[in-house]
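Summary of structural features
Each chain, written out:
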Amino acid sequence: MEPWNSTLRSDFILVGILDNSGSPELLCAAFTALYMLALTSNGLLLLVITLDARLHVPMYFLLGQLSLMDLLFTSVVTPKAVIDFLLRDNTITFESCALQMFLALTLGGAEDLLLAFMAYDRYVAICHPLNYMIFMRPSICWLMVATSWILASLMALGYTTYTMQYPFCKSREIRHLLCEIPPLLKLACADISTYELMVYVMGVTFLIPPLSAILVSYTLILFTVLHMPSNEGRKKAFVTCSSHLTVVGMFYGAATFMYVLPSSFHSPRQDNIISVFYTIVTPALNPLIYSLRNKEVTGALIRVLGRYIMPANPTL
């Protein structure tokens, strides 16, 4: 096809799952509800971790960062998808597409690395409890967070810049919920075989080592937990770790499908469903998974609500 000049026709059309659904109004309502749930649950979790001194420990510091990433990630995608559907206008400018891609890659990459650091935190807490505050001192925690954000930002900047420099063909329809590398490359007029290999290498590099570190951490944790003399200690460790592993499974499963599996395994419908899962569903569920089974978080929430939002009536 004849390439169109993206500087003259500087917009794309996002044709996401809302445009190909049998019940788009119902799906739009579900997206809105999940987004409001993500805003509320992640916002509350951040508030509780900030205000309750008992949660000022490394585990909850990292969990607060995860909530921040989830809150930003879903906000990059969901409001635009819902507003576009309501206004019947799915266009996105070239610059906005590049920005959305950069932000999505940054937040997704940062969460990928952070989940590995959270697994290390649980490994140290359960397997080396006496040295926990040495291995997880504040400077180390901040280094983990900074590493996650900086490496993800650099990766996102490089891949976004390289992707958007391709010439794109007349069809401006991106058959996807958001601007992401795999669906956008289908519009390119140039030979992208080498770049597709680079994207695959990026996916493997960013996903497999952190996932391997997580699996190794939890294997060592499992051996330690099984030898714990206290049933209560075993139960607490299992609850904490099972919550983390649930989040890991949801995130890495979707990300691996998008960036590691070859393009022959992809279809626009499958990619749309997967993208909904890690940009809308997972950010809404993560804080619930971590907090509903965690007595420390629920107790802190009750204390914060009682102290700042619903203070007791003064005695008459």
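Below, the structure is looked at part by part.

Conventions we followed
- Residues numbered from 1 in each chain as written.
- Predicted model: local features only at pLDDT ≥ 70, side-chain atom pairs only at ≥ 80, totals over all residues.
- Heavy atoms only, no water.
- Helix = DSSP H or I, 4+ residues; strand = E, 2+ residues; numbered from the N terminus.
- Rg over C-alpha atoms; globule rule 2.2 N^0.38 Å.
- Buried < 20%, exposed > 50% of the residue type's maximum accessible area, 1.4 Å probe, protein only.
- Contact = heavy atoms within 4.5 Å.
- Salt bridge = Lys/Arg side-chain N within 4 Å of Asp/Glu carboxyl O.
- Pairing = 2+ DSSP bridges.
- Axes fitted to C-alpha atoms, helices over the stretch in contact; angles between N-to-C directions.
- Expected span 1.5 Å × (residues − 1).
- Bend = angle between axes of the 7 residues up to and from the residue.

**Some remarks on the overall build of the protein**
Counting its secondary structure elements, the protein contains ten helices and five strands. Here the C-alpha radius of gyration of the protein, 22 Å, is about what a compact globule of 316 residues would show, namely 20 Å. With respect to the three principal axes, the spread of C-alpha positions in the protein is 70 × 55 × 35 Å. By residue count, 47% of the 316 residues in the protein fall in the buried class. Across the protein, contacts joining residues at least 24 apart in sequence account for 78% of those joining residues at least 6 apart.

**Side note on the pattern of salt bridges**
On inspection of all chains with the given rule, the structure shows five salt bridges. The shortest N-O distance in the salt bridge between Arg303 and Asp52 comes to 3.0 Å. With a gap of 251 residues between them, Arg303 in helix H10 (residues 295-309) and Asp52 in the loop between helix H1 (24-51) and helix H2 (58-87) connect regions that are remote in the sequence. For Asp52, a relative accessible area of 1% translates into the label buried.

**Describing the sheet that holds strand S3 (residues 91-93)**
Sheets are built from strands paired through backbone hydrogen bonds, the pairs being either parallel or antiparallel. Across the sheet, which stays open at both edges, the three strands sit in the order S3-S2-S5 with mixed pairing between neighbours. Of all strands in the sheet, those with a lone pairing partner are S3 and strand S5 (173-174), marking the two edges. Where strand S2 (residues 11-14) meets S5, two bridges bridge the pair, whose relative direction is parallel. Across the sheet, Leu14 pairs through a bridge with Ile174, a residue of S5. Relative to S3, helix H3 (residues 94-127) is tilted by about 85 degrees, and along the sheet it contacts S2, S3 and S5.

**Remarks on the pairing of S2**
Every second residue of S2 is oriented toward a common face, the buried set being Phe12 and Leu14 and the non-buried set Asp11 and Ile13. The sheet contact formed by S2 and S3 spans three bridges and is antiparallel. The residue bridging Phe12 from the neighbouring strand is Ile92, located in S3.

**Some details on the environment of Ala30**
Examined against the element boundaries, Ala30 turns out to sit in helix H1. For the pair Ala30 and Ile280, spaced 250 residues apart in the sequence, the C-alpha separation amounts to 9.9 Å.

**Remarks on H2**
End to end, H2 covers 44 Å across 30 residues, agreeing with the expected 44 Å (1.5 Å per residue, within 8%). At Ser75, H2 is deflected by roughly 35 degrees, the largest bend along its length, and proline Pro79 occurs up to four residues later in sequence. Judged by how many residues are buried, H2 sits mostly within the fold: 21 of 30 residues are covered. A positive backbone phi angle near 55 degrees is found at Arg88, which sits one or two residues after H2.

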